[in-house]
Number of protein chains: 4
Amino acid sequence: MSEPAAKMDLEQLRAMLLIAPFHQWLGLDIVELTDETLILEMPWREEIVSNPMIGSAHGGILSALIDLTGLYTINALGGSARATADMRVDFHRPATSGPVRAIGRVVKLGKQLSVAETRIEDAGGRLLASGRGAYVG
Amino acid sequence: MSEPAAKMDLEQLRAMLLIAPFHQWLGLDIVELTDETLILEMPWREEIVSNPMIGSAHGGILSALIDLTGLYTINALGGSARATADMRVDFHRPATSGPVRAIGRVVKLGKQLSVAETRIEDAGGRLLASGRGAYVG
Amino acid sequence: MSEPAAKMDLEQLRAMLLIAPFHQWLGLDIVELTDETLILEMPWREEIVSNPMIGSAHGGILSALIDLTGLYTINALGGSARATADMRVDFHRPATSGPVRAIGRVVKLGKQLSVAETRIEDAGGRLLASGRGAYVG
Amino acid sequence: MSEPAAKMDLEQLRAMLLIAPFHQWLGLDIVELTDETLILEMPWREEIVSNPMIGSAHGGILSALIDLTGLYTINALGGSARATADMRVDFHRPATSGPVRAIGRVVKLGKQLSVAETRIEDAGGRLLASGRGAYVG
């Protein structure tokens, strides 16, 4: 492209985010957008638990956060991400209560493919999971 | 370990699967167990949709299936998987209606770490997503 | 594209493979091509060793094999792969002597992006490493 | 473990790095160690080229750098990494001349498994490849 995609503002991103029924169900909100990061917050609901003995969130929920945060980060920071091509997730600690925050950063904006990385932290700032996705533009 | 873990039968696996509130919410069932594969089925519910225009399931839901199918596959086929260490997912086609099937296979059973790969197919057998996870024993 | 890429034959693939100085240095050869798999063989040379106490090949060498075998597999089996977008590798056992074989299979042929998976085995057929790459067409 | 592993100094790391014949062949050197990063430098040699038309380094060489830089980063910064369990690599731009730098950072130090991420840059600071590995302690 000869000109970069326009950056989206916080209200546009929030509206776009809540088009997805799954994002509504999770109760997601975009809470911060800077020149370098996009931060989403996810509250808690009992249906997302995997191990009821420790009350930990399912890895698939954390994976969903890493997937979608990367996509919105790229669209928010001047790139174009229409769909996720592939993703890697590392699980570091059980997520045992909400809210959790997902902090996305751009690794590389490309024409065909962009890459973003996301960290998921609990309310105390401890790293729960992290990963990166490749997104087709 | 000096002796291999006992393989679990289908009823034990089903009971174990449904301990997780998130698996209950997704309506998961284990439908087949052979010497080489474990097959799970996921029906459909409207809350899992990502793009309402095409009615496609969220990538995070497919990622959850790849994560958990690999873990149950390892436990079903003689290995030990307590938690997911990390995971890769490739998204091939939008999943636009259910039920979908997740077919897990063992790549390597190890003492510390085992690896399994999973394919997700629609009712017509078309490949929707695939990936692999590494699981700590 | 309106028509599929022509499949390449074994001699064309061998010629293409050896254009790369690094492939020549490794001494790679394509030893088999079927409708489903492409098999490469790598002999041994002392410079590829990582741990001299056990004489194991460097993980980067096994990663190189997984990367390039997937790319040639896609081009050999009707797809188009110009470059690797990203890759995952799992290391299962030290590779302590050659030759090793890399067996590639197509996961998905796509217009923009194709995915292939590769297993690396020693002369006795034991799995040393495995992984998958996403390739841009 | 009841006490953290002692951090290694630059000379110890350099000596350890050059035990591997493959690292010697690549001409690797550790050029910087801070509280947060380990930086390696790789000069250039013609045998690492993949595409002779543009003189680009083979993806497997960049993957080797990401693999080994993460391992040394963990050992340098208080963790323990004996071997790579698995790795993801994203290729962003062709590496067309040396030297290149690999900058490693810790994502998470764990008892069983640690994760590090590495960026590879050319002499002008442009990002060529990036990725992360999981290492068994």
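Residues numbered from 1 in each chain as written. Chains lettered and ligands numbered in written order. Predicted model: local features only at pLDDT ≥ 70, side-chain atom pairs only at ≥ 80, totals over all residues. Heavy atoms only, no water.

Things to note about the overall build of chain A
Part 1 of the argument: A count of helical and extended segments in chain A gives three helices and eight strands.
Part 2 of the argument: Its helices and strands taken in sequence order, chain A reads α-α-β-β-β-β-α-β-β-β-β from the N to the C terminus.
Part 3 of the argument: The C-alpha radius of gyration computed for chain A amounts to 14 Å, which stays within 12% of the reference 14 Å derived for 137 residues, consistent with globular compactness.
Part 4 of the argument: Seen through its C-alpha atoms, chain A measures out along the principal axes to roughly 55 × 25 × 25 Å.
Part 5 of the argument: The contacts in chain A between residues at least 6 apart in sequence include a share of 56% that link residues at least 24 apart.
Part 6 of the argument: A total accessible area of about 5,500 Å² is found for chain A, and carbon and sulfur atoms account for 51% of it.
Part 7 of the argument: Once the 13 positive and 16 negative side-chain charges of chain A are each reduced to a mean point, those two points are 6 Å apart. (Helix = DSSP H or I, 4+ residues; strand = E, 2+ residues; numbered from the N terminus. Rg over C-alpha atoms; globule rule 2.2 N^0.38 Å. Contact = heavy atoms within 4.5 Å. Areas by Shrake-Rupley, 256 points an atom, 1.4 Å probe, with all protein chains shown as cover. Lys, Arg positive; Asp, Glu negative; His and termini not counted. Charge placed at Lys NZ, Arg CZ, Asp CG, Glu CD.)

Some words on the sheet that holds strand β6 (residues 100–108) of chain B
Part 1 of the argument: Strands sit in the order β1(A)-β2(A)-β6(A)-β7(A)-β8(A)-β5(A)-β5(B)-β8(B)-β7(B)-β6(B)-β2(B)-β1(B) across an open sheet of twelve strands; the sheet is antiparallel. Edge positions in the sheet fall to β1 (29–33) of chain A together with β1 (29–33) of chain B, since each of these pairs with one other strand and no more. Strand after strand, the sheet turns through a mean of 20 degrees between neighbouring axes, direction not considered.
Part 2 of the argument: Here β6 of chain B pairs with strand β7 (residues 113–121) of chain B via seven bridges, running antiparallel. When the sheet's bridge partners are listed, Gly104 of chain B is paired in β7 of chain B with Thr118 of chain B.
Part 3 of the argument: Strand contacts of helix α1 (residues 10–17) of chain B: β1 and β2 (37–42) of chain B, with the helix running at about 155 degrees to β1 of chain B, the strand carrying the most contacts.
Part 4 of the argument: The strands touched by helix α3 (residues 59–76) of chain B within the sheet are β5 (83–91) of chain A together with β1, β2, β5 (83–91), β6, β7 and β8 (127–136) of chain B, with β5 of chain B carrying the most contacts at an inclination of about 130 degrees. (Pairing = 2+ DSSP bridges. Axes fitted to C-alpha atoms, helices over the stretch in contact; angles between N-to-C directions.)

Details of helix α3 (residues 59–76) of chain A
Residues separated by three or four positions in an α-helix point in the same direction, a consequence of the helix having 3.6 residues per turn.
Residue and element names in this part refer to chain A.
Part 1 of the argument: End to end, α3 covers 25 Å across 18 residues, agreeing with the expected 26 Å (1.5 Å per residue, within 8%).
Part 2 of the argument: Within α3, 18 of the 18 residues are buried, which leaves it mostly tucked inside the rest of the structure.
Part 3 of the argument: Residue Gly78 follows α3 closely and has a positive phi angle near 100 degrees. (Expected span 1.5 Å × (residues − 1). Buried < 20%, exposed > 50% of the residue type's maximum accessible area, 1.4 Å probe, protein only.)

Thoughts on the side chain of Thr69 of chain B
Part 1 of the argument: Turning to its location among the elements, Thr69 of chain B is positioned in helix α3.
Part 2 of the argument: Contact partners of Thr69 of chain B, with chain neighbours within four places excluded, come to Leu38, Leu40, Ala102, Ile103, Gly104 and Thr118 of chain B.

Observations regarding the environment of Ala83 of chain B
All names here are of chain B.
Part 1 of the argument: Position of Ala83 relative to the elements: it lies in strand β5.
Part 2 of the argument: What makes Ala83 partly exposed here is its relative accessible area of 30%.
Part 3 of the argument: Remark: the alpha-carbon pair of Ala83 and Val136, spanning 53 residues in sequence, is separated by 5.6 Å.
Part 4 of the argument: When sequence neighbours within four positions are dropped, the list of residues in contact with Ala83 reads Leu71, Ala134, Tyr135 and Val136.

What about the relation of the copies chain C and chain D?
Part 1 of the argument: Placing chain C over chain D gives an RMSD of 0.0 Å and needs a rotation angle of 180 degrees, together with 0.0 Å of translation along the axis. On this basis, the relationship between the two copies can be described by a two-fold rotation axis. When each C-alpha of chain C is compared by its distance to the rotation axis, Arg88 of chain C comes out closest, at 2.2 Å.
Part 2 of the argument: A share of 100% of the interface residues of chain C reappears at the interface of chain D, consistent with the copies meeting face to face through the same patch. (Least-squares fit on C-alpha atoms with pLDDT ≥ 70 in both.)

Quick word on the side chain of Thr118 of chain D
Residue and element names in this part refer to chain D.
Part 1 of the argument: Note on placement: Thr118 falls in strand β7 (residues 113–121).
Part 2 of the argument: With relative accessibility at 2%, the residue Thr118 sits in the buried group.
Part 3 of the argument: The contacts of Thr118, once residues within four sequence positions are left out, are Leu65, Ile66, Thr69, Gly70, Ala102, Ile103, Gly104, Ala129, Ser130 and Gly131.

Regarding the packing of aromatic side chains
Each aromatic ring pair is summarised here by two numbers: the centre-to-centre distance and the angle between the ring planes.
Residue and element names in this part refer to chain C.
Part 1 of the argument: Under the definition given, this model contains six aromatic pairs over all chains.
Part 2 of the argument: Centre to centre, the rings of Phe22 and Trp25 are 6.0 Å apart; their planes meet at 15 degrees, and the pair counts as stacked. Here the residue Phe22 and the residue Trp25 both occupy positions in helix α2 (residues 21–26), the gap between them amounting to three residues, near one helical turn.
Part 3 of the argument: According to the relative accessible area criterion, Phe22 is buried, its value standing at 0%.
Part 4 of the argument: The class of Trp25 is buried, set by a relative accessible area of 9%. (Phe/Tyr/Trp six-rings, centres within 6.5 Å; stacked < 30°, edge-to-face > 60°.)

Things to note about the relation of the copies chain A and chain B
Part 1 of the argument: Mapping chain A onto chain B calls for a screw motion: a turn of 180 degrees about the axis and a shift of 0.0 Å along it, with 0.0 Å RMSD after fitting.
Part 2 of the argument: Of all interface residues in chain A, 100% are interface residues in chain B too; the two copies therefore contact each other through one and the same surface.

Thoughts on the interface of chain A and chain B
Part 1 of the argument: Contact with chain A, which involves 28 residues of that partner, is made by 28 residues of chain B.
Part 2 of the argument: Counting each side, the surface lost to burial between chain A and chain B is near 2,100 Å², with a carbon and sulfur contribution of 62%.
Part 3 of the argument: Summed over the shared surface of chain A and chain B, the result is two salt bridges.
Part 4 of the argument: A salt bridge links Asp86 of chain B to Arg88 of chain A; the shortest N-O distance between them is 3.3 Å.
Part 5 of the argument: By residue number, the principal contributor to the side of chain A that touches chain B is β5 of chain A, which donates eight residues.
Part 6 of the argument: The class makeup of the residues in the side of chain A that touches chain B is 15 nonpolar, seven polar and six charged.
Part 7 of the argument: Two strands pair when backbone bridges link them, and β5 of chain A and β5 of chain B are joined in this way by five bridges, in the antiparallel orientation. What sits directly across from Val89 of chain A, in β5 of chain B, is Met87 of chain B. (Buried area = accessible area lost by both parts, 1.4 Å probe. Salt bridge = Lys/Arg side-chain N within 4 Å of Asp/Glu carboxyl O. Nonpolar A, V, L, I, M, F, W, Y, C, P; charged D, E, K, R; others polar.)

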